[in-house]
Amino acid sequence: MPTLIVLRHAKAESGPGKADIDRTLADRGRRDATATGEWLRARGLVPGYVLCSTAARTRETLERLAFDDVDASFESRIYDNDPGTLLDLVRGAPDGAATVLLVGHNPSVHLFVHDLAGESPDGFPTCALAVIDLPDGWADVRPGAGTLVTSRTPKD
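Read on for a plain summary of the structure. (Residues numbered from 1 in each chain as written. Predicted model: local features only at pLDDT ≥ 70, side-chain atom pairs only at ≥ 80, totals over all residues. Heavy atoms only, no water.)

**Some words on the side chain of Thr58**
For step 1, the next point in the chain: Among the structural elements, Thr58 can be located in helix H2 (residues 56-65).
For step 2, the next point in the chain: Exposure remark for Thr58: the relative accessible area of 0% places this residue in the buried category.
For step 3, the next point in the chain: Every residue in contact with Thr58, bar those within four places of it in the chain, is listed here: His9, Cys52, Ser53, Val103, Gly104 and His105. (Helix = DSSP H or I, 4+ residues; strand = E, 2+ residues; numbered from the N terminus. Buried < 20%, exposed > 50% of the residue type's maximum accessible area, 1.4 Å probe, protein only. Contact = heavy atoms within 4.5 Å.)

**Overview of helix H5 (residues 108-117)**
Quick reminder: α-helices carry 3.6 residues per turn. Residues three or four places apart thus point the same way.
For step 1, the next point in the chain: Counting buried positions over the 10 residues of H5 gives seven, a clear majority of the element.
For step 2, the next point in the chain: Next to the buried residues of H5 lie strand S1 (3-8), helix H4 (83-91), strand S4 (99-104), strand S5 (129-133) and strand S6 (147-152).
For step 3, the next point in the chain: Trailing H5 by a residue or two, Gly118 shows a phi angle of about 75 degrees, which is positive.

**Overview of the nonpolar core**
For step 1, the next point in the chain: Core analysis: the largest hydrophobic core is formed by 26 residues, its most contacted members being Leu4, Val6, Leu51, Val100, Phe112 and Trp138.
For step 2, the next point in the chain: Those elements that provide at least two residues to this core are S1, strand S2 (49-53), H4, S4, H5 and S5.
For step 3, the next point in the chain: Of all the elements, H5 adds the most residues to this core, at five residues.
For step 4, the next point in the chain: When neighbours within four sequence positions are excluded, Val100 is seen to be in contact with Thr3, Leu4, Ile5, Pro47, Tyr49, Leu51, Ala93 and Trp138.
For step 5, the next point in the chain: One finds Ala33, Leu40, Leu65 and Leu129 within the second-largest nonpolar core, a separate group that totals 18 residues. (Core = buried A, V, L, I, M, F, W, Y, C linked by side-chain atoms within 4.5 Å.)

**Here's the deal with the pattern of salt bridges**
For step 1, the next point in the chain: For the structure on display, the rule yields nine salt bridges.
For step 2, the next point in the chain: Residue Lys18 is joined to Glu13 by a salt bridge in which the shortest nitrogen-to-oxygen separation is 2.8 Å.
For step 3, the next point in the chain: The exposure class assigned to Lys18 is partly exposed, which follows from its relative accessible area of 37%.
For step 4, the next point in the chain: Taking the shortest distance from any N to any O, the salt bridge between Arg57 and Asp20 comes out at 3.0 Å. A residue pair is termed long-range when its members are at least 10 positions apart, and Arg57 in helix H2 and Asp20 in the loop between S1 and helix H1 (27-42) qualify at 37 residues.
For step 5, the next point in the chain: Judged by relative accessible area, Arg57 falls into the buried class, the value being 4%.
For step 6, the next point in the chain: On the basis of relative accessible area, Asp20 is assigned to the partly exposed category, the value being 34%.
For step 7, the next point in the chain: A cluster of three or more residues bridged by salt bridges with shared partners is formed by Asp20, Arg23 and Arg57. (Salt bridge = Lys/Arg side-chain N within 4 Å of Asp/Glu carboxyl O.)

**Quick notes on H2**
For step 1, the next point in the chain: Among the 10 residues of H2, seven are classified as buried, and the element is accordingly described as predominantly covered.
For step 2, the next point in the chain: Residues of H2 that are buried include every one of Ala56, Arg57, Thr58, Glu60, Thr61, Leu62 and Leu65, and no others.
For step 3, the next point in the chain: Next to the buried residues of H2 lie S1, H1, S2, strand S3 (71-75), helix H3 (76-79) and S4.

**With respect to the packing of H4 against H5**
For step 1, the next point in the chain: Following both chains from N to C, one finds H4 and H5 inclined at 65 degrees, their axes separated by 9 Å at the closest point. Accordingly, the angle class assigned to the pair H4 and H5 is roughly perpendicular. In the packing of H4 onto H5, the handedness of the crossing is right-handed. Counting all contacts with H4, which are made through Pro83, Leu86, Leu87 and Val90, the residues of H5 involved are Ser108, Val109, Leu111, Phe112, Asp115 and Leu116. (Axes fitted to C-alpha atoms, helices over the stretch in contact; angles between N-to-C directions. Parallel < 35°, antiparallel > 145°, perpendicular 65-115°, else oblique. Left-handed = near helix turned anticlockwise from the far one by under 90°.)

Following this line, the structure appears as structure tokens:
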């Protein structure tokens, strides 16, 4: 059974004078991303494949998670913030990856979790994540087919 981890990037710095896509993590974001990586590893939730937005804050979040030697695909389409695009990208994940991590942006990641599992946490703040079990292979992922196993925010 494949497992999908959907993660919203950690807290980014304020944006004045910098293009949105170039914003990096704030101090709190760096701490939260590091703690999230530790939480995931402690539960054996280590991805075999990662889909990550090309935005600086998502790439830095992934780096702070500290998953060594993970195969990552940096996708500009994740930044477009469309849940349908996220579904298409997940459907293209390699069959050999038992666990896939998607690092993206709100509101699409929150909507995507709800679309896949039929439920989602009430809120999806920065560095929130949802773990979803899927019944079939990646190519067969479809709305409503997943089961929300757990969710976490930095305050949990």
